[in-house]
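Fold and geometry: a report
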Amino acid sequence: MVRLTKENRKKLLEQNEGFTQRTYNEQRNFEETRIYKIVGGLLHIREIGKTSWADSRYDKERVADDEETHRFLYKFLHKLNKDGLE
């Protein structure tokens, strides 16, 4: 198992340029799709969703912080290229 040290996270992001993963979350009065994409060594997150309130649709894009990046890499490590990592 690859340890997700800061250096290994950086290498994973560089090796997996262009990797895209989509997740869905649907609950009572709430729907959200998240599109994760690795671009330029950073994890970009696009959140598209709606709630039960009027005019509650949203479409936001942002760059993930270190903690979010760590969780993403841990969750989807089995799908990523891990060549050369210890």
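Residues numbered from 1 in each chain as written. Predicted model: local features only at pLDDT ≥ 70, side-chain atom pairs only at ≥ 80, totals over all residues. Heavy atoms only, no water.

With that settled, the discussion passes to the overall build of the chain. Secondary structure assignment for the chain yields 2 helices and 4 strands. In the chain, the succession of helices and strands from N to C terminus is α-β-β-β-β-α. Judged by the C-alpha coordinates and their principal axes, the chain covers about 50 × 25 × 20 Å. When each of the 86 residues of the chain is scored for burial, the buried share is 35%. Contacts in the chain between residues far apart in sequence, at least 24 positions, make up 38% of those at least 6 positions apart. Of the accessible surface of the chain, which amounts to about 6,200 Å², a share of 46% is contributed by carbon and sulfur atoms. The averaged location of the 16 negative side-chain charges in the chain is 3 Å from the averaged location of its 18 positive side-chain charges. (Helix = DSSP H or I, 4+ residues; strand = E, 2+ residues; numbered from the N terminus. Buried < 20%, exposed > 50% of the residue type's maximum accessible area, 1.4 Å probe, protein only. Contact = heavy atoms within 4.5 Å. Areas by Shrake-Rupley, 256 points an atom, 1.4 Å probe, with all protein chains shown as cover. Lys, Arg positive; Asp, Glu negative; His and termini not counted. Charge placed at Lys NZ, Arg CZ, Asp CG, Glu CD.)

Another point: the nonpolar core. If you look at the biggest cluster of nonpolar residues, it comprises 16 residues, and the most contacted ones within it are Leu12, Ile38, Leu43, Phe72 and Leu73. Going through the elements one at a time, α1 (6-15), β2 (30-39), β3 (42-51) and α2 (66-75) are the ones with two or more residues in this core. (Core = buried A, V, L, I, M, F, W, Y, C linked by side-chain atoms within 4.5 Å.)

Next up on the list: the environment of tryptophan 53. The topology assignment puts tryptophan 53 in the loop between β3 and β4 (58-63). Through-space distance from the C-alpha of tryptophan 53 to that of glutamate 86 is 48 Å; in sequence the pair is 33 residues apart.

Quick look at the pairing of β4 now. Every regular strand shows the same layout, with side chains that alternate between the two sheet faces. The pairing of β3 with β4 spans 6 bridges and is antiparallel. Bridging across to β4, isoleucine 48 finds its partner in aspartate 59. The turn joining β3 and β4, which pair antiparallel and follow one another in sequence, is formed by 6 residues; a positive phi near 55° is taken by aspartate 55. (Pairing = 2+ DSSP bridges.)

Counted under the stated rule, the structure contains 7 salt bridges. The residue lysine 60 makes a salt bridge to glutamate 47 at a minimum N-O spacing of 4.0 Å. Taken together, the residues lysine 60 in strand β4 and glutamate 47 in strand β3 connect sequence positions 13 residues apart. Taking the relative accessible area as the measure of exposure, glutamate 47 reaches 6% and is therefore buried. Between glutamate 47 and arginine 62 there is a salt bridge, with the nearest N and O atoms lying 3.1 Å from each other. (Salt bridge = Lys/Arg side-chain N within 4 Å of Asp/Glu carboxyl O.)

Contact geometry for α1 and α2: axes closest at 11 Å, N-to-C directions at 70°. Comparing their axes, α2 and α1 come out roughly perpendicular. Considering only the axes of α1 and α2, their crossing is left-handed. Contacts between α1 and α2 involve Lys6, Arg9, Leu12 and Leu13 from the former and Asp66, Thr69, His70 and Leu73 from the latter. The residue makeup of the contact of α1 with α2, split by class, is 3 nonpolar, 2 polar and 3 charged. (Axes fitted to C-alpha atoms, helices over the stretch in contact; angles between N-to-C directions. Parallel < 35°, antiparallel > 145°, perpendicular 65-115°, else oblique. Left-handed = near helix turned anticlockwise from the far one by under 90°. Nonpolar A, V, L, I, M, F, W, Y, C, P; charged D, E, K, R; others polar.)

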